[in-house]
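# Report on the structure
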Amino acid sequence: MKRIKGLVSVFLALFLCLLSGCADKELSAPTGAVARADGENIVLEWQASNGADFYRVYRKESGNADYKFVCDEYQAKYTDSTAKADINYSYKVTAVNGNRETEGCVTDETAILSKSGSADAALYTPAISSVTKMDKYETVIIFSTDNIGCDYEIRRSKTVEGEYTLIGTTDESVYYDDTANGEAYYYTVTAVLGDNKSNASAPQKTGKNSQTVFRVPVLMYHEFVTQSDLDSGVAFDEYAVWQDEFESDLNWLKKNGYTTVTTNQMIDCLEGKGTMPEKPVILSIDDGKYGVYKNAYPLLKKYGMTAVLSLIGYEIDNATKNPEARADSAAPYCTWEEIAEMAESGAVEMISHTQ
């Protein structure tokens, strides 16, 4: 009788599951994708799909063979604020449900016109705001410009009126001269869009409005093991360290005046919202192996230090869903519960490694 009741319960549960839609949903591809220029952005819209959890957006420049992943969107609309002017782009949108992804719906090519409305119009001349010697090898040149979608040619000379030699190009408003080798140079910047070029900026010498710069050392780890772990079947892989070795590192850092910081603290400092300690250091841990929780996390709390953990989401999912398999694994990973505990403690900051 108990067995019959149990079977009835199972069938009832399956029936209710089907009624509630927990069975695999029918998934259809997006349709009607259209891209249009809107000021300095490209706006992409499409018809919503049946069964889609979210949509995946890909982009391709004219002349390139492959689409590159851009982002995931939960609405049937995406605004591309990273598109450069006067470059033709086409987009592809797919629908995703669980581990299923549909074929893509592709747009026609579209482009943003440059600020002046034509690629042949005059470009604004860049202005160098600072030239800072970062260390005995590298100098950083920072400049401003009102141009959209341009590349910038960087030139330098030993004298202000000398011959300026092209040393590199960038599409950002900063350039790192890693061949300066501590020498002082005069630099100029020219905006380039297709065959069109601006006038060169006024030359500026190393030391112009120089900024205070600092470097933060990063120590990278992966796995932390004990002899007990090895005895239970955990592998000592090529990136592993002994738990007592890690403790020795923490002890040395503390005795020598270092303070651990997180990536969020770094970002706040770069945005002027905070400051760095006198001797900062980042402890970076890749992957999310179980040894982080079992062997490293207690030491971080003991020494009052923080680490930045880059998680592989797929592995954390597997460990969470299959605890029995984790117990027999030579390379076990943390579960989401363990990740949450470490994050809530403040000792470990979570960032993305890969899915």
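Residues numbered from 1 in each chain as written. Predicted model: local features only at pLDDT ≥ 70, side-chain atom pairs only at ≥ 80, totals over all residues. Heavy atoms only, no water.

## Focus on the sheet that holds strand β13 (residues 174-177)
Backbone hydrogen bonds hold the strands of a sheet together, and the pairing may be parallel or antiparallel. Spatial ordering of the open sheet is given by β9-β10-β13, a layout of 3 strands whose pairing is antiparallel. Two strands in the sheet have a free side with no partner beyond their single neighbour: β9 (127-133) and β13. The sheet shows a mean angle of 20° between the axes of neighbouring strands, taken without regard to direction. The pairing of strand β10 (residues 139-144) with β13 spans 4 bridges and is antiparallel. By the bridge assignment, Ile142 is partnered in β13 with Val174. (Pairing = 2+ DSSP bridges. Helix = DSSP H or I, 4+ residues; strand = E, 2+ residues; numbered from the N terminus. Axes fitted to C-alpha atoms, helices over the stretch in contact; angles between N-to-C directions.)

## Concerning the nonpolar core
Formed by 29 residues in total, the largest nonpolar core has its most connected members in Phe224, Phe246, Leu250, Leu300, Leu309 and Met342. Contributing elements (two or more residues each) for this core: α3 (243-255), β21 (280-287), α5 (290-303), β22 (307-312), α6 (313-321) and α8 (336-345). Examining the composition of this core, we find that 7 residues originate from one element, α5, more than from any other. If sequence neighbours within four positions are ignored, Leu250 has contacts with Leu283, Leu299, Leu300, Tyr303 and Met305. (Core = buried A, V, L, I, M, F, W, Y, C linked by side-chain atoms within 4.5 Å. Buried < 20%, exposed > 50% of the residue type's maximum accessible area, 1.4 Å probe, protein only. Contact = heavy atoms within 4.5 Å.)

## Considerations on α8
Along α8, the residues classified as buried are Glu338, Ile339 and Met342. For α8, the arc enclosing every buried residue in end-on projection is 100°, short of the 170-degree limit, so these residues lie on one face. Opposite the buried face of α8, at more than 90 degrees from it, the exposed residues are Glu337 and Glu344. As for α8, its buried residues are in contact with α5, β22, α6, α7 (323-327) and β23 (348-354). Immediately downstream of α8, the backbone of Gly346 shows phi near 85°, a positive value. (Arc of directions from axis to C-beta.)

## Observations concerning the pattern of salt bridges
By the definition in use, this model includes 13 salt bridges. For Arg56, the salt bridge identified is with Glu101, shortest N-O distance 3.8 Å. Within this pair, whereas Arg56 is found in strand β3 (residues 54-61), its partner Glu101 is found in strand β7 (residues 100-101), the two being separated by 45 residues in sequence. Of the residues examined, Glu101 reaches a relative accessible area of 38% and is grouped as partly exposed. The closest approach of N and O atoms between Asp229 and Lys294, which form a salt bridge, is 2.8 Å. With a gap of 65 residues between them, Asp229 in helix α2 (residues 227-231) and Lys294 in helix α5 connect regions that are remote in the sequence. Linked through salt bridges whose partners overlap, the residues forming this network are Arg56, Asp72 and Glu101. (Salt bridge = Lys/Arg side-chain N within 4 Å of Asp/Glu carboxyl O.)

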